[in-house]
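So you can see what is in the structure, the chains are spelled out below.
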Amino acid sequence: MDRPPSVDELARSLPNCDLPHAVLVEVARSAIKDGTHDRFPALVEQRRLRLLGPVINATGVLLHTNMGRAPLAHQTEAQYSNLELDLTTGQRGSRQRAVGELLATAAGAPAAMVVNNCAGAVMLALAAVAAGGPVAVSRGELVEIGGAFRVPDVMAWSGAQLVEVGTTNRTRLNDYRAAVEQHGAVAVLKVHQSNYRIVGFTEETTVQALASLDVPVIADIGSGLVDASCPWLEGKPPVWLEGEPAARQTLKAGADLITFSGDKLFGGPQAGIIAGRSDLVQRCQRHPLTRALRPGGLVLSALQETALAYLNRDGARIPFWQMASIRLADLEQRATQILSLATAEASARGLRPPTMELSTTEAVPGGGTLPTVTIESRGIRLLGNHVDALRQRTIPIIARVEDGGTVLDVRTITPHSDEYVAAALGTLGDEASP
Ligand SMILES: *Cc1c(COP(=O)(O)O)cnc(C)c1O
């Protein structure tokens, strides 16, 4: 028999394939392991068919479970999708599979699954892993995040019993160990203090240290930073990310499961992701809560798009990262352009243009993440308070008041809206404007 090709060689053997290289590598690796590398193109095609995409429903079944029930109209024509249809076999498939696999690859996890939000992910992970048993949590991490995500409450609803360990400012490995050995804790939950910071005389136990305990470690990292090294960005990770826990590194440090939101730093739709050990993810998938928390096809297909962008190292296709990484020079140029278009608009309407200028601003990540962080930015500053007039436009423009002036930060304005914003600024003060 011929010597098998290298994984890399095999993965690169289909130059016209539109799947991300990381996925091709996975298929190649398992094909070589199974001795099926001579069927590589067919295996790749099978993998491609698992992706969500439009299908024509010719069954006459109007609400077909395997095709996402009612056809979906979302900024495109109505379409069915292969939500729960396995296109290789024609049988019922799993809505979790395709996106779960992509997310797992992106995060460097053996397995992953999706629920409706991170609160659901934490609840499900606790319910499935602890099954009503005691779970150790640091007193410094019994936090409230966002609208009413309170760790003690989520824990109670999961059926797990809360075993508080340590103190508000300091919790050591021995505190956790005592919870396991003396209170029979069957798991440890570590929660990232997303929206506040404890400073001063503090000590927390790392995931790496917790991994030395004999029970599963569940780490709720919250924001969904996929990889601390941000390979989807050109250049180095932004300094403002420092200290933010990342999926890949948290798993590498020894977390058995991690949970995070789809719509924070991950930059996708509202969703909750559970990633980590295959047996534990499977336990979550089999839990009855999974059905109650399962995401719809719209969310899954939007998540798939985001996951593919990560795997293709294409941060420009993830709006959050695109906005987060625009260079100051580009923002300055856009702000200048908006100013001159606004002036032109005003004079075309026979108005005196409002007093406005290019301004240095500070953007923030927001969304309950990185509470102390600001990102240097550029914007436009107008004399006087115009926030109500701007908010009442056909497409509302939300600006803020600062020192009696009105500030518009260009970083968060989608570039295709620049002209609309300029026109709005040019008509400010015009009572007759729509
Ligand atoms: C934001 C956040 C949550 C809640 O996430 P949702 O997706 O809004 O439910 C839970 N845990 C942490 C650590 C968070 O940062």
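1. Examining the site of the ligand
Surrounding the ligand, one finds Asn117, Cys118, Ala119, Ile145, Phe149, His192, Ser194, Asp220, Gly222, Ser261 and Lys264. Interatomic distance of 2.8 Å between a backbone N/O atom of Cys118 and an oxygen atom of the ligand. Contact between the ligand and Asp220: a nitrogen atom at 2.5 Å from a side-chain N or O atom of the residue. Across the complex, the protein chains shield 88% of the 390 Å² of accessible surface that the ligand would expose by itself. Those elements that place two or more of their residues in the shell around the ligand are α5 (118-130) and β9 (217-222). A class-by-class count of the residues in the shell around the ligand yields 4 nonpolar, 5 polar and 2 charged.

2. Concerning the domain arrangement of the protein
Domain assignment breaks the protein into domain 1 (12-49), domain 2 (56-70 + 326-431) and domain 3 (97-315). Here domain 1 and domain 3 have C-alpha centroids that lie 30 Å from each other. Contact with domain 1, which involves 5 residues of that partner, is made by 6 residues of domain 3. Buried area between domain 1 and domain 3, both sides added, is near 470 Å², and the carbon and sulfur share of it is 59%. Where domain 1 touches domain 3, the interface holds 1 salt bridge. In this structure, Glu101 and Arg47 form a salt bridge, with 3.4 Å as the shortest nitrogen-oxygen distance.

3. Here we look at the sheet that holds strand β13 (residues 375-383)
Strand order in this open sheet of 4 strands is β12-β13-β15-β14, and the pairing throughout is antiparallel. If you trace the sheet from one side to the other, it starts and ends with β12 (356-363) and β14 (400-402), each paired once. Sheet twist, expressed as the mean angle between neighbouring strand axes with direction ignored, is 45 degrees. Relative to strand β15 (residues 405-409), β14 is paired through 3 bridges, and the arrangement is antiparallel.

4. Comments concerning the side chain of Arg47
Examined against the element boundaries, Arg47 turns out to sit in helix α3 (residues 40-49). Here Arg47 falls in the buried class, since its relative accessible area comes to 6%. Setting aside chain neighbours within four positions, we find Arg47 in contact with Leu19, Val23, Glu26, Val27, Glu101 and Leu102.

5. Some thoughts on the packing of helix α2 (residues 21-34) against α3
Viewed as axis vectors pointing N to C, α2 and α3 meet at an angle of 130 degrees, and their least axial separation amounts to 10 Å. By the angle between their axes, α2 is oblique relative to α3. Two packed elements cross with a definite hand, and for α2 against α3 that hand is right-handed. Each of Val23, Leu24, Glu26, Val27, Ala28 and Ala31 in α2 lies in contact with α3, whose residues at this interface are Phe40, Leu43, Val44 and Arg47.

Criteria and thresholds
Every residue gets a number counted from 1 within its own chain, in the order that chain's sequence is written. In keeping with the predicted nature of the model, local features appear solely for residues at pLDDT of at least 70, side-chain atom pairs appear and are counted solely at 80 or more, and the whole-chain, interface and lining totals rest on all residues. Side-chain metrics rest on all non-hydrogen atoms present in the structure, leaving aside hydrogens and water. Whether a residue is near a molecule or strand is decided by its heavy atoms; if any one of them lies within 4 Å of it, the residue is near. Counting of polar contacts relies on pairs of N or O atoms within 3.5 Å, with two restrictions inside protein: one atom must be capable of donating a hydrogen and the other of accepting it, and residues adjacent in sequence are counted only when both atoms are side-chain atoms. Computed by Shrake-Rupley with a 1.4 Å probe, the accessible areas treat only the displayed protein chains as cover when residues are assessed. Going along the chain from the N terminus, every DSSP run of H or I of four or more residues is numbered as a helix, and every run of E of two or more is numbered as a strand. Ten residues, namely Ala, Val, Leu, Ile, Met, Phe, Trp, Tyr, Cys and Pro, are considered nonpolar, four, namely Asp, Glu, Lys and Arg, are considered charged, and the remaining ones, Gly among them, are considered polar. An automatic or database domain assignment is the source of the domain bounds shown. Here, two residues are considered to be in contact whenever any of their heavy atoms come within 4.5 Å of each other. Buried area adds together the accessible area that both of two parts lose upon being put together, with accessible area traced by a 1.4 Å probe. Salt bridge, as applied in this entry: a Lys or Arg side-chain nitrogen positioned within 4 Å of an Asp or Glu carboxyl oxygen. Here, a strand pair is defined by DSSP locating no fewer than two bridges between the strands. Convention adopted: a line fitted to C-alpha atoms gives each axis, helices being fitted over their contacting stretch, and angles between N-to-C directions are expressed from 0 to 180 degrees. Residue burial is assigned from relative accessible area. The probe radius is 1.4 Å, only protein chains are included, and a residue is buried under 20% of its type maximum, exposed over 50%, and partly exposed in between. What sets the label is the angle itself: under 35 degrees gives roughly parallel, over 145 gives roughly antiparallel, 65 to 115 gives roughly perpendicular, and the rest give oblique. For any pair of crossing helices, the crossing counts as left-handed if the nearer helix is rotated counterclockwise from the farther one by less than a right angle, and right-handed if it is rotated clockwise.

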